[in-house]
Amino acid sequence: MNKAEILVLYYSMYGNTFKMAREVYQGAKEVQGVSVKLRQVPELLPEDVLQSNEEIRKGKEMQKDVPITVIDDLRECDGLVLGTPTRFGNMCSQMRNFLDQTGNLWQDGSLIGKPAGVFTSTASLHGGQETTLVSIMLTLLHHGMVVVGIPYSSVELLSTNTGGTPYGASHVVGIQQPYQELSQQEKTLCRILGRRVADIAVKLKHT
Ligand SMILES: Cc1cc2nc3c(=O)[nH]c(=O)nc-3n(C[C@H](O)[C@H](O)[C@H](O)COP(=O)(O)O)c2cc1C
């Protein structure tokens, strides 16, 4: 039987959203009958800006082996999990820019009926995780995707006092270096999201 292809696609400047993406990737991989790709969207910041900050340099170094996505990754996937740091309560411009290049996919209906989940990181607890997660969904809905959240049967949703929402996985990184590592609950919820999108993708592919 053909494997369902899951695309975990993210942007990360300091590496925190990348750490989430790795957990989502692992969660998706736990599902039988899938192959999982981890990809980052192209950077838009000028090289001198990237090089001028040590924390950005460290964050980028962590991700140096993750391939940059191409539009065909989206076209070919059976399930998608999209992650972005929160920027003023919204997705980052790198992700917006990439999604704004998907007009052809919209025209062809290439993403219609495919499941998609979302994740984000913020500096502060009330810095806009939910607005970011929900606003990414608007684009996914325009593409006709089947939006997948995290159900409250995931007990971590009730016990977390950092990130983790029914709209998708999230992580509070704090404002000071060193950034807060993913809590056990945040990590588990990333994995649950990856697993859930993969599981639904397998079912939809073979019905
Ligand atoms: C331009 C800009 C806007 C930001 N806006 C927010 C925000 O609205 N709320 C918040 O909590 N954090 C905000 N942050 C902090 C980022 O969300 C945080 O640095 C990010 O989650 C780290 O992810 P990364 O390590 O994957 O880059 C902002 C950061 C930048 C650079």
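Above this text is the structure in question.
In this report, the structure presented in the accompanying data block is examined. Nothing here was measured: the structure is a model prediction, and the numbers come from that model. (Residues numbered from 1 in each chain as written. Predicted model: local features only at pLDDT ≥ 70, side-chain atom pairs only at ≥ 80, totals over all residues.)

**Quick look at the overall build of the chain**
Consideration 1: Summing up its helical and strand segments, the chain has nine helices and six strands in all.
Consideration 2: Rg of the C-alpha trace for the chain: 16 Å, near the compact-globule value of 17 Å for 207 residues, within the 12% margin.
Consideration 3: For the C-alpha atoms alone, the extent of the chain along its principal axes is close to 50 × 40 × 30 Å.
Consideration 4: For the chain, the residues scored as buried account for 45% of the 207 residues in total.
Consideration 5: Contacts in the chain between residues at least 24 apart in sequence constitute 80% of all its contacts with a sequence separation of at least 6. (Helix = DSSP H or I, 4+ residues; strand = E, 2+ residues; numbered from the N terminus. Rg over C-alpha atoms; globule rule 2.2 N^0.38 Å. Buried ≥ 20, exposed ≤ 12 C-beta atoms within 10 Å, placed from the backbone. Contact = placed C-beta atoms within 7 Å.)

**Description of the nonpolar core**
Consideration 1: Ile-6, Val-8, Val-24, Ala-28, Leu-193 and Val-197 are the most contacted members of the largest nonpolar core, which has 50 residues in total.
Consideration 2: Within the residue set of this core, elements represented by two or more residues are strand 1 (4-10), helix 1 (16-29), strand 2 (34-40), strand 3 (79-85), helix 5 (93-99), strand 4 (115-122), helix 7 (129-142) and helix 9 (184-205).
Consideration 3: Sorting elements by how many residues they give to this core places helix 9 first, with nine residues.
Consideration 4: The contact partners of Val-24, leaving out residues within four places of it in the chain, are Val-8, Val-81, Gly-83, Phe-119, Ala-169, Cys-190, Leu-193 and Gly-194. (Core = buried A, V, L, I, M, F, W, Y, C linked by C-beta atoms within 7 Å.)

**Let's talk about the site of the ligand**
Consideration 1: Not every one of the 19 residues close to the ligand is listed here, only the nearest: Tyr-14, Asn-16, Thr-17, Thr-122 and Gly-127.
Consideration 2: Contributions of two or more residues to the shell around the ligand are made by helix 1 and strand 4.
Consideration 3: Counted by class, the shell around the ligand contains six nonpolar, 12 polar and one charged residues. (Near = placed C-beta within 6 Å. Nonpolar A, V, L, I, M, F, W, Y, C, P; charged D, E, K, R; others polar.)

**Observations concerning the environment of Thr-17**
Consideration 1: Looking at the element boundaries, Thr-17 is found in helix 1.
Consideration 2: For Thr-17, a count of 25 C-beta atoms within 10 Å gives the class buried.
Consideration 3: Ignoring sequence-local partners within four residues, the contact set of Thr-17 consists of Tyr-10, Tyr-11, Ser-12, Gly-83, Thr-84, Pro-85 and Ser-121.

**What about helix 7?**
Consideration 1: Between its first and last C-alpha, helix 7 extends 21 Å over 14 residues, near the 20 Å set by a 1.5 Å rise per residue.
Consideration 2: Along helix 7, the residues classified as buried are Gln-129, Thr-132, Leu-133, Ile-136 and Leu-140. Within helix 7, the buried residues cover an arc of 95 degrees as seen down the axis, which keeps them to one side. Residues Leu-138, Leu-141 and His-142 are exposed on helix 7 and point more than 90 degrees away from its buried face.
Consideration 3: Along its buried surface, helix 7 packs onto strand 3, strand 4, strand 5 (146-147) and strand 6 (169-172). (Expected span 1.5 Å × (residues − 1). Arc of directions from axis to C-beta.)

**Things to note about unusual backbone geometry**
Consideration 1: Gln-177 connects to Pro-178 through a cis peptide bond whose omega is -10 degrees.
Consideration 2: Locating Pro-178 in the fold gives a position in the loop between strand 6 and helix 9.
Consideration 3: Its identity is not glycine, yet Phe-88 carries a phi of approximately 50 degrees, on the positive side.
Consideration 4: Here Phe-88 lies in the loop between strand 3 and helix 5.

**Comments concerning the pairing of strand 3**
Consideration 1: Burial analysis of strand 3 places seven of its seven residues in the buried class, the great majority of the element.
Consideration 2: Side chains Gly-79, Val-81, Gly-83 and Pro-85 project from strand 3 onto one buried face, and the interleaved Leu-80, Leu-82 and Thr-84 project onto a second face that is buried too.
Consideration 3: Relative to strand 4, strand 3 runs parallel, the two being bridged by six bridges. Residue pairing across strands places Val-81 opposite Gly-117, the latter belonging to strand 4. (Pairing = 2+ DSSP bridges.)

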